[in-house]
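# Remarks on the overall topology
Each chain, letter by letter, is given below.
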Amino acid sequence: QEQLVESGGGSVQPGGSLRLSCAASGFTLDRYAIAWFRQAPGREREGIVCINNSGSNTWYRDSVKDRFTISRDNAKNTVYLQMNSLKPEDTAVYYCAAGPWFGVLIPAEYKYWGQGTQVTVSS
């Protein structure tokens, strides 16, 4: 089966850090651009970062710029999202997704999706 499996979510205090992982199985991840989306309760799913297939180009939404870093290790078939200086408004379910077009943050354009991992930031 072709799957993306996410891990690394959890509960942290404001100012804390988490590192999310997205590992592919059943297909070669280096053929795809990768994006991370998040969805908070009662809100629409929002694309926050993306990276092209080689890792040479990245894009960040202003709300996470300078706090989050996306990277990939194609030899391990894995993409990472390092999240620092977390804020309560970062609380959401986070999803990784693989698709053919770098920089396109339309959910319907992505072929593969992870199951989602919960990130909770509170005191």
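To keep things clear, this report deals only with the structure shown in the data block.

The rules behind each value
Residues numbered from 1 in each chain as written. Predicted model: local features only at pLDDT ≥ 70, side-chain atom pairs only at ≥ 80, totals over all residues. Heavy atoms only, no water. Buried < 20%, exposed > 50% of the residue type's maximum accessible area, 1.4 Å probe, protein only. Helix = DSSP H or I, 4+ residues; strand = E, 2+ residues; numbered from the N terminus. Pairing = 2+ DSSP bridges. Salt bridge = Lys/Arg side-chain N within 4 Å of Asp/Glu carboxyl O. Axes fitted to C-alpha atoms, helices over the stretch in contact; angles between N-to-C directions.

## Examining the pairing of strand β7 (residues 68–73)
Only one face of β7 is covered, namely the one carrying Phe68, Ile70 and Arg72; the face carrying Thr69, Ser71 and Asp73 has none of its residues buried. Sheet topology places β7 next to strand β8 (residues 78–83); six bridges connect them, and they run antiparallel. Paired with Thr69 across the two strands is Gln82, which belongs to β8.

## A word on the pattern of salt bridges
This model, assessed by the stated rule, comprises five salt bridges. Its salt-bridge partner being Arg61, residue Glu46 comes within 3.6 Å of it at the nearest N-O pair. Of the two residues, Glu46 sits in strand β5 (residues 46–51) while Arg61 sits in the loop between β6 (58–60) and β7, which places them 15 residues apart along the sequence. Given the relative accessible area of 28%, Arg61 is considered partly exposed. One salt bridge in this structure joins Lys65 and Asp62, with 3.0 Å as the shortest N-O distance. A single salt-bridge network, built from bridges that share partners, covers Arg38, Glu46, Arg61, Arg67 and Asp90.

## Considerations on the sheet that holds β8
Adjacent strands of a sheet pair through backbone hydrogen bonds, lying either parallel or antiparallel. With antiparallel pairing, the four strands of this open sheet are ordered in space as β1-β3-β8-β7. This sheet does not close on itself; its edge strands, each paired only once, are β1 (3–7) and β7. Adjacent strand axes in the sheet meet at a mean angle of 15 degrees, parallel and antiparallel pairs treated alike. Here five bridges tie β1 to strand β3 (residues 18–25), and the two strands are oriented antiparallel to one another. Bridge pairing links Val5 to Ala23 in β3.

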